[in-house]
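Each chain, letter by letter, is given below.
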Amino acid sequence: MAMCTVYTAHSLNSSCSISTPTKTQLGFHQKQVFFYSTVKKTSRRGSSNSSEITCSAESKTVVIGLAADSGCGKSTFMRRLTSVFGGAAEPPKGGNPDSNTLISDMTTVICLDDYHSLDRTGRKEKGVTALDPKANNFDLMYEQVKALKEGIAVEKPIYNHVTGLLDPPELIKPPKILVIEGLHPMFDPRVRELLDFSIYLDISNEVKFAWKIQRDMAERGHSLESIKASIEARKPDFDAYIDPQKQYADAVIEVLPTQLIPDDNEGKVLRVRLIMKEGVKFFSPVYLFDEGSTISWIPCGRKLTCSYPGIKFFYGPETYYGHEVSVLEMDGQFDRLDELIYVESHLSNLSTKFYGEVTQQMLKHADFPGSNNGTGLFQTIIGLKIRDLFEQIVASKAAAPLEATKA
Amino acid sequence: MASFLALKCRGRKIGGLSIKAMAVSKFKGTQMREKHLTEMIEKKVQEAQQVCEGDQTSDECKVAWDEVEEVSQAKADLRRKLEKQDPLESFCQDNPETDECRIYED
């Protein structure tokens with residue numbers, strides 16, 4: 001039996017706040033039988049009556065934060081993550097076609113650019129970039145993420161990247177898993193507190209340059225110089241406001257140029273480090289062979305033939321910004337399926353549900369960027385870890401005694 | 001670079017970095033967004049180059065390049081969405097009569 005706390009969201013203003021549990025305004029997707037008592041309460045917003053029912057955590061949302069510089073909700077990481085949970089994430093149907101939000105069965109991905117307090121013109125006037133905290137409304141971000149986490153739908157603003165304007169809000173119903181993606185998911189300490197897990201995607205300058213060349217070179221107006229100038233001009237704000245969030249992340253995916261090819265500057269072959277914080281609740285770091293030890297592993301040899309430049313793994317404990325971490329590192333590329341299976345079979349604590357699940361997920365999205373290197377591999381593994389974390393949270397809350405209704 | 005792109009583009013043969021042949025917009029609204037973003041990129045790059053001539057460390061300079069980044073990413077996102085289907089597909093199913101939803105004909 002589930003018992004739920006329902007607060008009328010100010011924006012919903014429904015006359016009947018809790019009669020039908022399946023009413024989608026309240027964000028509940030299953031029919032639930034529950035007992036409730038009506039409590040007279042004067043709320044800040046002046047309504048004198050609200051019904052209150054204490055909630056079991058089944059309707060509580062798990063919140064994941066992802067810090068990345070590459071735009072919102074369209075990143076490969078998001079697509080891999082939502083795929084682990086099943087289904088593809090799509091923009092909300094029937095709403096603003098320029099919405100940044102993605103919705104699948106289990107997950108909703110929100111773009112934090114939607115919390116810009118200044119639109120493109122406003123930022124120009126004030127002389128601040130989008131990276132600057134001054135351009136973002138952290139109070140609103142905190143309020144709304146908190147509300148969603150508690151099972152309350154919100155009317156979230158939309159930042160339109162095409163026009164550079166703030167569009168009218170869209171309704172976001174609380175999902176099972178809420179992912180907040182953007183430049184500042186871990187910037188505000190109150191928002192940080194709400195995150196059940198956080199990831200920082202740390203792309204080195206050389207790789208960033210190579211990726212942006214691939215992205216922009218076909219565009220009229222761009223040249224190597226303009227791409228370089230754009231990265232350099234944004235770097236001071238990036239280093240001041242975005243980069244420091246690394247220290248708060250439960251997992252950092254660091255993308256660097258390979259060490260296998262001397263002087264490789266094409267960013268083709270990558271060295272990727274998965275830095276996992278120790279002691280995070282419900283998160284057990286992946287390891288190679290012997291947990292807590294230090295290992296250097298080249299899988300290519302007699303049993304496995306790899307093509308140039310091969311694959312090299314490293315695993316070991318380290319300290320990262322004062323925290324104990326475990327680092328799993330992959331340098332090189334997968335060229336064949338059997339290389340991937342071989343590697344998967346030697347990793348432990350993957351949180352897979354069956355042998356070969358990592359490989360299967362990678363194959364499912366073989367056309368995604370990074371499918372042949374550590375970025376795809378570690379993004380997939382983190383996706384499985386998040387699934388595991390989610391299931392553990394749900395299980396732990398179901399086991400907890402039901403809270404008494406508030407008098 | 002070529003093998004990476006081949007993997008990315010599902011075996012379609014492409015030379016260099018050109019991906020113009022990838023996907024075509026179906027609705028007028030999408031075609032207009034594409035055109036707008038393309039023009040914005042050109043315009044914003046020029047603006048940034050001019051603004052930064054004076055002082056490369058000025059606020060105006062970094063804001064100008066930040067705008068370039070924003071529109072470049074927006075264009076890339078649109079291109080990527082187009083690979084699957086026109087992003088206005090579902091909107092236009094519900095609103096076929098709007099100007100944005102006129103079928104774009106070459």
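Residues numbered from 1 in each chain as written. Chains lettered and ligands numbered in written order. Predicted model: local features only at pLDDT ≥ 70, side-chain atom pairs only at ≥ 80, totals over all residues. Heavy atoms only, no water.

A. Just the overall build of chain A, in detail. Scanning chain A from terminus to terminus reveals nine helices and 16 strands. Across the 407 residues in chain A, those meeting the buried criterion constitute 57%. If you take every contact in chain A between residues at least 6 apart in sequence, the share linking residues at least 24 apart comes to 66%. For chain A, the exposed area adds up to about 17700 Å²; of that, 53% sits on carbon and sulfur atoms. (Helix = DSSP H or I, 4+ residues; strand = E, 2+ residues; numbered from the N terminus. Buried < 20%, exposed > 50% of the residue type's maximum accessible area, 1.4 Å probe, protein only. Contact = heavy atoms within 4.5 Å. Areas by Shrake-Rupley, 256 points an atom, 1.4 Å probe, with all protein chains shown as cover.)

B. Spotlight on the environment of Ile-231 of chain A. Residues and elements named next belong to chain A. On the secondary structure map, Ile-231 appears in helix H6 (residues 224–242). When the C-alpha atoms of Ile-231 and Tyr-320 are compared, they prove to be 26 Å apart, with 89 residues separating the residues in sequence. Among residues more than four places away in sequence, those in contact with Ile-231 are Lys-208, Phe-209 and Lys-212.

C. Structural context of the confidence of the model for chain B. Residues and elements named next belong to chain B. When pLDDT is averaged along chain B, the result is 78; 75% of the residues meet or exceed 70. Across chain B, the secondary-structure element scoring lowest on mean pLDDT is helix H1 (residues 2–8), at 38, and the one scoring highest is helix H2 (residues 28–54), at 92. This stretch, residues 1–21, has a pLDDT under 50; its non-local contacts, to residues over four places away or in other chains, come to 26 contacts. Among the prediction metrics, the complex's ipTM stands at 0.80, with pTM recorded as 0.83. (pLDDT = per-residue confidence, 0-100.)

D. Expanded view of the state of the cysteines. Under the criterion given, the structure shown has three disulfides over all chains. A sulfur-sulfur separation of 2.1 Å characterises the disulfide bridge that pairs Cys-300 of chain A with Cys-306 of chain A. Taking the sign of the S-S torsion, -90° for the link of Cys-300 of chain A and Cys-306 of chain A, the bridge is left-handed. For Cys-92 of chain B, the disulfide goes to Cys-101 of chain B, at an S-S distance of 2.0 Å. Looking down the S-S bond of the Cys-92 of chain B and Cys-101 of chain B bridge, the torsion is -80°, so its handedness is left-handed. Both residues of the pair, Cys-92 of chain B and Cys-101 of chain B, belong to the buried class. Disulfides within chain B link the bonded cysteines, taken in sequence order, as 1-2, 3-4. (Disulfide = S-S within 2.5 Å.)

E. Structural context of the interface of chain B and chain A. Counting residues at the interface gives 41 residues for chain B, matched by 46 residues for chain A. The interface formed by chain B and chain A includes twelve salt bridges. Two residues, Lys-124 of chain A and Glu-67 of chain B, come together in a salt bridge whose shortest N-O distance is 3.5 Å. Elements that contribute at least two residues to the side of chain B that touches chain A include exactly H1, H2, helix H3 (59–84) and helix H4 (89–94) of chain B. If one sorts the elements of the side of chain B that touches chain A by residue count, H3 of chain B sits on top with 20 residues. (Salt bridge = Lys/Arg side-chain N within 4 Å of Asp/Glu carboxyl O.)

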